[in-house]
Amino acid sequence: MKFDYSHQENWYFEHGKHQSPINIDDQVATTWPRGSALEVDYQNEVSLAHDSGNGLEVFVTGTAILNYRKFNLVQFHTHTPSEHQLNQHSFAAEIHFVHQALNGAKAVIAVFFEIGPANPILASVIENWTKPNDFTIKLTDFIPANPAYYHYLGSLTTPPLTEDVEWYVIKDPVTLSQEQLAFLEGLAAKNNRDLQPLNDRPILYHE
């Protein structure tokens, strides 16, 4: 389903005041010493890469251990510009790795992109995404060398905007080239949801 980002006020809103995305402020975030490191075991095979109508969407598999619990990777997709902000700074793009546990719980690992050297993993996706056969990418290379992250409870950023989604937003960005950004924007420019109020939610930081 294609979403009208120009009229987000008309989106179907399921419930709640704990919505995403948010501005992540280091002045508000508190250290989370009992948080766990991100443990990802992603498979390299891509079963489908396509334009969902709202931007690039890639179906992949794998697992992640998040806050000591196992989640299954479902897909990843991109937003241009970034949906979250860090200290009121917006990045060129943001990638979301969407996970679901066996009990239905949802979790998203988010990684920021800034303009710089071309991203080799994204280059492979762009090169192969229209081909009918499956292809492989080293998916874990999307994760920065320093996987320090912010954690908060929010929602999906597209309708029905379901809440109780666990967010793990990695602090350090990775790079993509201006040409790669132009490709993503050619699929869906400005496919980012407006920032939502924090509403007294805690933001935890794990290094």
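What you see is a predicted model, and the numbers here were worked out from it, not measured in a lab.

A. Highlighting the environment of V169. Among the structural elements, V169 can be located in strand 15 (residues 163–170). Looking at V169, the relative accessible area reads 1%, which means it is buried. Dropping the residues within four chain positions of it, V169 is found in contact with I24, H84, A110, F112, A148, Y149, Y150 and Y152.

B. Representation of the environment of K138 within the structure. Locating K138 in the fold gives a position in the loop between strand 13 (135–136) and strand 14 (149–155). According to the relative accessible area criterion, K138 is partly exposed, its value standing at 49%. Along the chain, K138 and I121 lie 17 residues apart, while their C-alpha atoms are 6.8 Å from each other. Among residues more than four places away in sequence, those in contact with K138 are N44 and I121.

C. Examining the pattern of salt bridges more closely. Scanning all chains against the criterion turns up one salt bridge. The partner of R69 in a salt bridge is E166, with the nearest N and O atoms 2.7 Å apart. Placement of the pair is R69 in strand 8 (residues 69–79) and E166 in strand 15, with a sequence separation of 97 residues. Note on E166: relative accessible area 10%, which makes it buried.

D. Just the nonpolar core, in detail. Residues F76, F97, I109, L139 and F142 are the most contacted members of the largest nonpolar core, which totals 40 residues. Top element by residues in this core is strand 12 (residues 106–115). It accounts for four residues. Formed by 16 residues, the second largest nonpolar core is a distinct cluster that contains A29, F91, A148 and V169.

E. Quick peek at the sheet that holds strand 10 (residues 89–90). With mixed pairing, three strands are arranged side by side in an open sheet as 1-9-10. At either end of the open sheet lies a strand with only one pairing partner, and these are strand 1 (23–24) and strand 10. Relative to strand 9 (residues 85–86), strand 1 runs parallel, the two being bridged by two bridges. In the sheet register, N23 faces strand 9, and the bridge partner there is Q85.

F. Summary view of helix 1 (residues 120–128). For helix 1, the set of buried residues is I121, L122, S124, V125 and N128. An end-on view of helix 1 places all buried positions within 155° of arc, on one side of the element. Exposed residues lying more than 90 degrees from the buried face of helix 1 are P120 and E127. The distance from a side-chain oxygen at the start of helix 1 to the backbone nitrogen of I121 is 3.0 Å, and the residue carrying that oxygen is N119.

G. Molecular detail of helix 2 (residues 178–187). By the burial criterion, the buried members of helix 2 are Q180, L181, L184 and L187. Around the axis of helix 2, the buried residues are gathered within 115° of arc, so they sit on the same side. In helix 2, the exposed positions angled more than 90 degrees off the buried face are occupied by E179 and G186.

H. Expanded view of the side chain of N54. Considering the arrangement of structural elements, one finds N54 in the loop between strand 5 (48–51) and strand 6 (56–59). When its relative accessible area of 12% is taken as the criterion, N54 is described as buried. Here F3 takes part through its backbone nitrogen, which lies 2.7 Å from a polar atom of the side chain of N54. Among residues more than four places away in sequence, those in contact with N54 are M1, K2, F3, Y5, A188 and N191.

I. Fine view of the pairing of strand 11 (residues 93–100). Along strand 11, seven of the eight residues are buried, which leaves the element largely enclosed by surrounding structure. Relative to strand 11, strand 8 runs antiparallel, the two being bridged by seven bridges. Across the sheet, H79 pairs through a bridge with E94, a residue of strand 11. Two strands pair when backbone bridges link them, and strand 11 and strand 12 are joined in this way by eight bridges, in the antiparallel orientation. When the sheet's bridge partners are listed, E94 is paired in strand 12 with F112. Taking the residues that link successive antiparallel strands as the turn, the strand 11-strand 12 hairpin has five residues, and the phi of G104 there is positive, at about 95°.

Parameters at a glance
- The numbers attached to residues start from 1 for each chain and follow its sequence in the written order.
- Whole-chain, interface and lining totals are the exception, using all residues; otherwise, since this is a predicted model, local features are given only for residues with pLDDT of at least 70 and side-chain atom pairs are given and counted only at 80 or more.
- Computation of side-chain values covers all heavy atoms of the structure but excludes hydrogens and water.
- Numbering of helices and strands runs from the N terminus, with a helix taken as a DSSP run of H or I at least four residues long and a strand as a DSSP run of E at least two residues long.
- Think of it in three bands: residues with accessible area under 20% of the maximum for their type are buried, residues over 50% are exposed, and the middle band is partly exposed, with areas taken using a 1.4 Å probe on protein chains only.
- Two residues form a contact once any of their heavy atoms are found within 4.5 Å.
- Put simply, a salt bridge is a Lys or Arg side-chain nitrogen that is within 4 Å of an Asp or Glu carboxyl oxygen.
- We define a nonpolar core as any set of buried Ala, Val, Leu, Ile, Met, Phe, Trp, Tyr and Cys residues linked to one another through side-chain atoms lying within 4.5 Å.
- Strands were regarded as paired on the criterion that DSSP finds at least two bridges between them.
- Along the arc lie the directions from the helix axis toward the C-beta atoms.
- Identification of polar contacts relies on pairs of N or O atoms within 3.5 Å, with a donor-acceptor requirement for protein atoms, meaning one able to donate a hydrogen and the other able to accept it, and with residues adjacent in sequence counted only if both atoms are side-chain atoms.

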